[in-house]
Amino acid sequence: MGRNQIIDDLLSELGAAAPAGYFLALHIRFAAPLMMFQTYNPAWTDHYTRNAYALRDPMVAWGISRSGATRWSDIDIPDPFGIMPEAASFGLVYGVCVSCGPMTSRTVAGVARGDREFNEEEISTVTGCVLRLHHETQPPDHLTQAEKQALLVIASGDRYAAGAARLGISESALKARLSAARRKLFARTTAEALQRAKDYRLI
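On a predicted model such as this, the values are computed, not experimentally measured, just so you know.

Thresholds applied
- Per chain, residue numbering runs from 1 following the sequence as it is written.
- Totals for whole chains, interfaces and linings use all residues, but because this is a predicted model, local features are given only for residues with pLDDT of at least 70 and pairs of side-chain atoms are given and counted only at 80 or more.
- Just so you know, side-chain values use all the structure's heavy atoms and leave hydrogens and water out.
- Between 30 and 60 degrees the pair is tilted, below 30 it is stacked and above 60 it is edge-to-face, where a pair is any two Phe, Tyr or Trp rings, Trp via its six-membered ring, whose centres lie within 6.5 Å.
- Note on classification: 1.4 Å probe, protein chains only; a residue is buried when its accessible area is under 20% of the maximum for its type, exposed when over 50%, partly exposed between these limits.
- We count a stretch as a helix when DSSP gives it H or I for four or more residues in a row; a strand needs E for two or more, and each element gets its number in order from the N terminus.
- Only Lys NZ and Arg CZ are tested; either one counts as a charge over a ring when it is within 6 Å of the ring centre and within 35 degrees of the ring normal.
- Among the buried residues, those of types Ala, Val, Leu, Ile, Met, Phe, Trp, Tyr and Cys that are joined through side-chain atoms within 4.5 Å form a nonpolar core.
- The contact criterion used is simple: two residues touch if any of their non-hydrogen atoms lie within 4.5 Å.
- A pair of strands counts as paired when DSSP detects no fewer than two bridges linking them.
- Salt bridge criterion: a side-chain nitrogen from Lys or Arg within 4 Å of a carboxyl oxygen from Asp or Glu.

S.K.: Residues and numbers for the packing of aromatic side chains, please.
M.R.: Evaluated as defined, the whole model comprises 4 aromatic pairs. Judged by centre distance (6.2 Å) and plane angle (40°), the ring pair of Trp44 and Tyr53 falls under tilted. With a relative accessible area of 3%, Trp44 lands in the buried category. Consider the rings of Trp44 and Phe90, whose centres lie 5.2 Å apart with planes at 50°: the pair is tilted. Pair noted here: Trp44 is in helix 2 (residues 42–50) and Phe90 is in the loop between helix 4 (83–89) and strand 4 (94–100), with a separation of 46 residues, a long-range link. Judged by its relative accessible area of 27%, Phe90 is partly exposed. Grouped by ring-pair contacts, the aromatic residues Trp44, Tyr48, Tyr53 and Phe90 constitute a single cluster. Over the face of the ring belonging to Phe81 we find Arg56, whose NZ or CZ atom lies 4.5 Å from the ring centre.

S.K.: Could you give an account of the nonpolar core, naming the residues involved and the relevant values?
M.R.: Counting 38 residues, the largest nonpolar core has Leu14, Leu24, Val111, Val130, Leu133 and Leu151 as the members making the most contacts within it. Per element, the largest residue contribution to this core is 5 residues, and it comes from helix 5 (residues 120–136). Apart from the residues lying within four places of it in its own chain, the contact partners of Leu151 are Leu143, Leu178, Ala181, Thr190, Ala193, Leu194 and Ala197. If you look at the next biggest cluster of nonpolar residues, it comprises 19 residues, including Phe23, Ile28, Met59 and Ile83.

S.K.: Help me get a handle on the pairing of strand 4, residues and values and all.
M.R.: In terms of residue burial, strand 4 counts as a mostly covered element, since 6 of its 7 residues are buried. Alignment of strand 3 (residues 68–71) against strand 4, held across 4 bridges, turns out to be antiparallel. Paired with Ala69 across the bridge in strand 4 is Val98. The pairing of strand 4 with strand 5 (residues 106–113) spans 7 bridges and is classified as antiparallel. Looking at strand 5, one finds that Gly95 is bridged to Ala112. Remark: 5 residues form the turn of the hairpin made by strand 4 and strand 5, two consecutive strands paired antiparallel; Gly101 in that turn has positive phi of roughly 95°.

S.K.: I'd like a description of the pattern of salt bridges, backed by residues and values.
M.R.: Taken as a whole and assessed by the stated rule, the structure comprises 11 salt bridges. Between Asp158 and Arg166 there is a salt bridge, and its shortest N-O distance comes to 2.6 Å. For Arg166, a relative accessible area of 55% corresponds to the exposed category. In the salt-bridge network here, residues are joined through shared partners; they are Arg113, Asp115, Arg116 and Glu122.

S.K.: How would you sum up the environment of Met84? Please name residues and give values.
M.R.: With respect to the helices and strands, the residue Met84 is situated in helix 4. Sequence separation between Met84 and Met59 is 25 residues; the distance between their C-alpha atoms is 8.5 Å. Those residues in contact with Met84 that lie beyond four places of it in its chain are Asp57, Pro58, Trp72 and Asp79.

Purely spatial values, then, with no claim about function.
What follows is the structure, encoded as structure tokens:
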């Protein structure tokens, strides 16, 4: 089974455990996650984004500052903006925050439901799922010299043919190097791979 299929299966498992949706930020480095997924009520997501709640959310603050799992009702970080009661008005009444990984590559997840608190077995299932997702999406700590050169020629504005000529390789070899870099960086496009490589100080 390919890595992407494993990630998709784990996201499905997380979704099944979160009746009111989930939020997942994988490998947060330099304030930005490598990947982010969320299935909360779109009206809540829009409201949350419009009000820049990520900077004030007690769940996010808990996840960045601590590791492990906790019910939202047990989070002891102040909520002066009333974000948690607002979330409840959008159906996110009960939830769990799971956080794992080092501070330099932290994963934070929130899962929600509207009917009751999550029980211990459900929290254990969610935690295991988030830990596996964190592991499966571990970003690379290096790119090969060839992959770096391929990204940099495209970054300089060269098209494939010109970039390949500059490197003294075939166009198909250049595309293969870019494809390898995208795969390592979980990027859909070369532009995204380039940005992630810069974000992770790989080039």
